[in-house]
Structures are given as C-alpha cells and as structure tokens.
Amino acid sequence: MPELPFTRRSVLRGLGAAGLVSALAGCGVPAAYVPEGRRGGPDRSGRDKSVSFSNWPLYIDTDEEDETKRPTLESFSERTGIAVRYTEEINDNDEFFGKVGPALMNHQETGHDLVVVSDWMAARFVHLGWAQRMDRSGQSNVARNLDPQLRSPAFDEGRLHTVPWQSGITGIAYNRKALGREIRSVKDLWQPDLAGKVTLFSGLDESFALLMQGNGVDVTRWTEADFHRVCDQVEQLVKKKHIRRFTGNDYTSDLSKGDVLACQAYSGDAIQLQADNPDIEFVIPEEGAELWAESLLIPNLARHKVNAEALIDHYYDPEVAAELAASVNYVCPVPAAREVLAAAEDKETAELAENPLIFPDEDMRKRLAVARDISAAERRTLAKRWNAIVGL
C-alpha cells in the first residue's frame, strides 16, 4: 500500500480556517454571514450547458484502460448534454477554505459550482451562510435514496445545503497475526504490548470522536469536559511514549511496513490494506465508531446551480452510485446500490455488496454515530489544546 500524499479527511494545520471562523464570530463581523435570500446569483445553466466540479484526488471512478476517463461523469454528460469541468484541486480542507473564503466573505463568485469538503468543513460553510439551499424538486434520486442515517446532521438539519458524496467510518486497523491477539475496544490500544506501536490521527476533527467513544461518550452530544478528558489521557500516553506518532493518511504505510501494529484508520483505506495483506483487520470498537461523510455543496453565486443539482442527483441513481462505490470502496450513501452490485456478473464486484465497510449491516449501524461538529466558539480553544499535544 503506497503512502498517499494527501488525506481525504485532512490534517488540521494550526488554526487556519478555524481561526478565521472564530475571529469572525468573536469580532462580530456581520458581513461574513450571508442570509439565505442573498446567496444565489444569475443562473446560466439554461444557456450554458456546463458545470464546474472540484473534488479530492483519486476520489472518483476511472476507466481501467484510460485513467483520464471517468465513466460516471461521461454518462451524465451523454444523458444531459451538460459538460463537466472536473478538477482534483482539493488537497486540504483548510487550504481550500482559505482559497475561496475571501471571495465568499465579500459576496463574490468563486468560480466553483460544486465542491466536496469534509462535513466538519461543510459545517463552516453552512454556519457562515456560504452554501446555497438545494432545490429538491429536481432531485428525486436524492430524496428517495439518501441513507437515512446521513439525512440530518446537526450542522445541516434535513440536508438542505449539503449532500454526502461518500461516507466512511473511523475505527481501528491492526495486524492480527503480528499482534497475536484481537482488538475489540479502544481501551485495547493502551495495553502494554502495543507500547510505541500505536498511531492516532493528528487532525482534531478526525481523531476526537473515536477516542471519546472509547470513554463511553455519546458523541452526538459531547461536551468540552469530555474533550478535555480525552486530551488528559492522550497527554499521558504521549509522555509514556505509548503513542508512536500522530499521522495523516501516512498511517497506511506505517501499518503495511510493520512500524505500527494498530492505529486509528478509515474504513475505505482498510479495504485496500486488506487486499494487500489479509492479516490486517478493521474493527468497529465495542463502544462504537464515528460515521462521517464528505459532502457536496454549491457555493454562493455559483453560475450553474441547476446543472450542479442535476449532477448531484445523477450520483444518487443506484446504478451510478454502485459504479462509484465499486471504485472508491468507501461507505456508499445510497443503500439501494447494494442490490445493483449484488447482481453484477463479475464475482469480485458482486462480493462488494456483502462488504459491511461499504454497506454496513444493521448490527454495525447500531454502533455507528455521527458526531456533532465543533462549534466556532469552541474551536479556537479546543484546537489550541489538541495541536499542542500532537505538535501541529
């Protein structure tokens, strides 16, 4: 498994976007927030059959013989006549926020019709009024097929401004053979035989929920006291040198090479790791794990809002969702895609329908929770403490 040069749930670097949002809230800058009625602009969708779509690298299906071709995008263009300008320009949530934030703050176009950001960053856009409300009357697939467990996150109740692109689970990956025992709980990571052989995510938003769940916390309603309890625990583990280091997506390399035996991990990466090494296991701890999403949103003043909404709805067609899921291997936000994959003639493709890391079963879903996001008022204090521990 090669070390990836990016992470889809990016590492929070310094205060960055968090600092900007907190500063805006703390200084009471009313111009930063855009009311619902002022977010839209003249829509050119009717006369300009195009849409600009920005995503993370390696986060869409590609043709096996020509990686420059993206079958699901091409099928959309063939069906609708809408050309898609697709760019893989989002390498870091914070960096992208800094790129488009000044324009949005000043009520200017960003040049983007549709973007994918992690839900914790989508929350910033929604809270600042920088994401447009979607017209569900033209999105019958979204209305019918969106995973019920992802329909109403705390930051965007009813999913009025965002729609999941892909979802995933933050759990624990470990080498069962090398460790010589099972891991069933977050607490199992702290056993003496794993001293110096454990990594945690360095990003605040990526790491905290699973660690709180290890303490029995309901992460849909966690408190600052819960957060500081986790920080106290991690500080002690760092002092004891139990935690080898804090990582981004490079944890995959550490685990593959045997430098670590257990780590916080994403479900989508685990599927790829297991393909290379069957001794790697991915665990949803007994206490539970975090279900998260990376979501599509339409920034204010987007020039092709209607076209963007049509593209979103395209990906909620079970046939299209199945094709995407078979390629990226993350939790599919369209449960109906499971039946499509199960009916595939190709055996390996059909087996994906039975993979609970792509289509969680009911027992697994009972142990998954969507964590409430960190508010702008909380973020500066919490980020400062966490970053001091992990060395950001």
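Higher on the page you've got the structure.
Definitions and limits used
Residues numbered from 1 in each chain as written. Predicted model: local features only at pLDDT ≥ 70, side-chain atom pairs only at ≥ 80, totals over all residues. Heavy atoms only, no water. Helix = DSSP H or I, 4+ residues; strand = E, 2+ residues; numbered from the N terminus. Rg over C-alpha atoms; globule rule 2.2 N^0.38 Å. Buried < 20%, exposed > 50% of the residue type's maximum accessible area, 1.4 Å probe, protein only. Contact = heavy atoms within 4.5 Å. Areas by Shrake-Rupley, 256 points an atom, 1.4 Å probe, with all protein chains shown as cover. Lys, Arg positive; Asp, Glu negative; His and termini not counted. Charge placed at Lys NZ, Arg CZ, Asp CG, Glu CD. 1 Å grid on protein atoms, 1.4 Å probe; cavity = no way out; pocket = protein on both sides within 12 Å on 5 of 7 lines; lining within 4 Å. Points joined across faces, edges and corners; volume = space filled by probe spheres on them. Nonpolar A, V, L, I, M, F, W, Y, C, P; charged D, E, K, R; others polar. Phe/Tyr/Trp six-rings, centres within 6.5 Å; stacked < 30°, edge-to-face > 60°. Core = buried A, V, L, I, M, F, W, Y, C linked by side-chain atoms within 4.5 Å. Axes fitted to C-alpha atoms, helices over the stretch in contact; angles between N-to-C directions. Parallel < 35°, antiparallel > 145°, perpendicular 65-115°, else oblique. Left-handed = near helix turned anticlockwise from the far one by under 90°.

Chemist: Is there a simple way to explain the overall build of the chain in this structure?
Modeler: Of the regular secondary structure elements, the chain holds 16 helices and 10 strands. Compactness check: the chain gives a C-alpha radius of gyration of 21 Å against a globular reference of 21 Å for 392 residues, within 12% of the reference. In terms of overall dimensions, the chain has C-alpha extents of about 65 × 60 × 35 Å along its principal axes. Looking at the chain as a whole, 57% of its 392 residues are labelled buried. Counted over contacts in the chain with a minimum sequence separation of 6, partners at least 24 positions apart contribute 79%. With the model as given, the accessible surface of the chain reaches about 16,100 Å², and the carbon-plus-sulfur share is 48%. Here the chain carries 45 positive and 61 negative side-chain charges, and the mean point of each set is 6 Å from the other.

Chemist: What exactly am I supposed to notice about unusual backbone geometry here?
Modeler: Among all residues except glycine, the phi angle is most often negative; among peptide bonds, the trans geometry is most common. The phi dihedral of Leu-301 falls on the positive side, at around 65 degrees, and the residue is not glycine. Along the chain, the position of Leu-301 falls in the loop between β9 (289–297) and α11 (305–314). We note that Asn-329 has phi near 65 degrees; this positive angle belongs to a residue other than glycine. By the element assignment, Asn-329 lies in the loop between α12 (318–328) and α13 (337–342). Owing to a relative accessible area of 12%, Asn-329 belongs among the buried residues under this scheme.

Chemist: Help me understand empty space enclosed by the protein in this model?
Modeler: A water-sized probe rolled over the atoms picks out the places where empty space is left. Summed over the entire model, instances satisfying the criterion amount to two cavities of 30 Å³ or more. Together, Pro-164, Trp-165, Gln-166, Tyr-315, Tyr-316, Ala-321, Leu-324, Cys-332, Pro-333 and Val-334 line the largest cavity. Contributing elements (two or more residues each) for the lining of the largest cavity: β4 (162–175) and α12. In terms of residue count, β4 provides more of the lining of the largest cavity than any other element does, three residues in total. Looking at the lining of the largest cavity, its residues break down into nine nonpolar, one polar and no charged.

Chemist: Help me understand the packing of aromatic side chains in this model?
Modeler: The geometry of an aromatic ring pair is captured by two quantities: the separation of the ring centres and the angle between the planes. By the definition in use, this model includes 14 aromatic pairs. Ring plane angle 75 degrees and centroid distance 5.6 Å describe the contact between Phe-53 and Trp-165, whose orientation is recorded as edge-to-face. Taken together, the positions of Phe-53 in strand β1 (residues 50–54) and Trp-165 in strand β4 put the pair 112 residues apart, joining distant regions of the chain. Both residues of the pair, Phe-53 and Trp-165, count as buried. Seen from their ring centres, Tyr-266 and Trp-292 are 5.6 Å apart, and the 75 degrees between their planes marks the pair as edge-to-face. Here Trp-292 lies in strand β9 and Tyr-266 lies in strand β7 (residues 262–266), a separation of 26 residues in the sequence.

Chemist: Got a minute to help me understand the nonpolar core in this structure?
Modeler: Within soluble globular proteins, side chains that are nonpolar tend to cluster in buried spots. Membership of the largest hydrophobic core comes to 119 residues, with the highest contact counts inside it found for Phe-53, Phe-125, Trp-165, Ile-169, Val-234 and Trp-386. The element that contributes the greatest number of residues to this core is helix α4 (residues 119–128), accounting for seven residues. With near-sequence residues (within four places) excluded, Ile-169 lies in contact with Ala-265, Tyr-266, Ser-267, Phe-282, Ile-284, Ala-289, Glu-290, Leu-291, Trp-292, Val-331, Met-364 and Leu-368.

Chemist: When you look at the packing of helix α3 (residues 93–105) against α4 in this model, what are you seeing that I'm missing?
Modeler: The N-to-C vectors of α3 and α4 enclose an angle of 15 degrees; their axes lie 11 Å apart at closest approach. Judged on the interaxial angle alone, α4 and α3 are roughly parallel. By crossing handedness, the relation of α3 to α4 is classed as right-handed. Where α3 abuts α4, its residues Asn-93, Asp-94, Phe-97, Val-100 and Leu-104 lie against Trp-120, Met-121, Arg-124, Phe-125 and Leu-128. Of the residues contributing to the contact of α3 with α4, the split by class is seven nonpolar, one polar and two charged.

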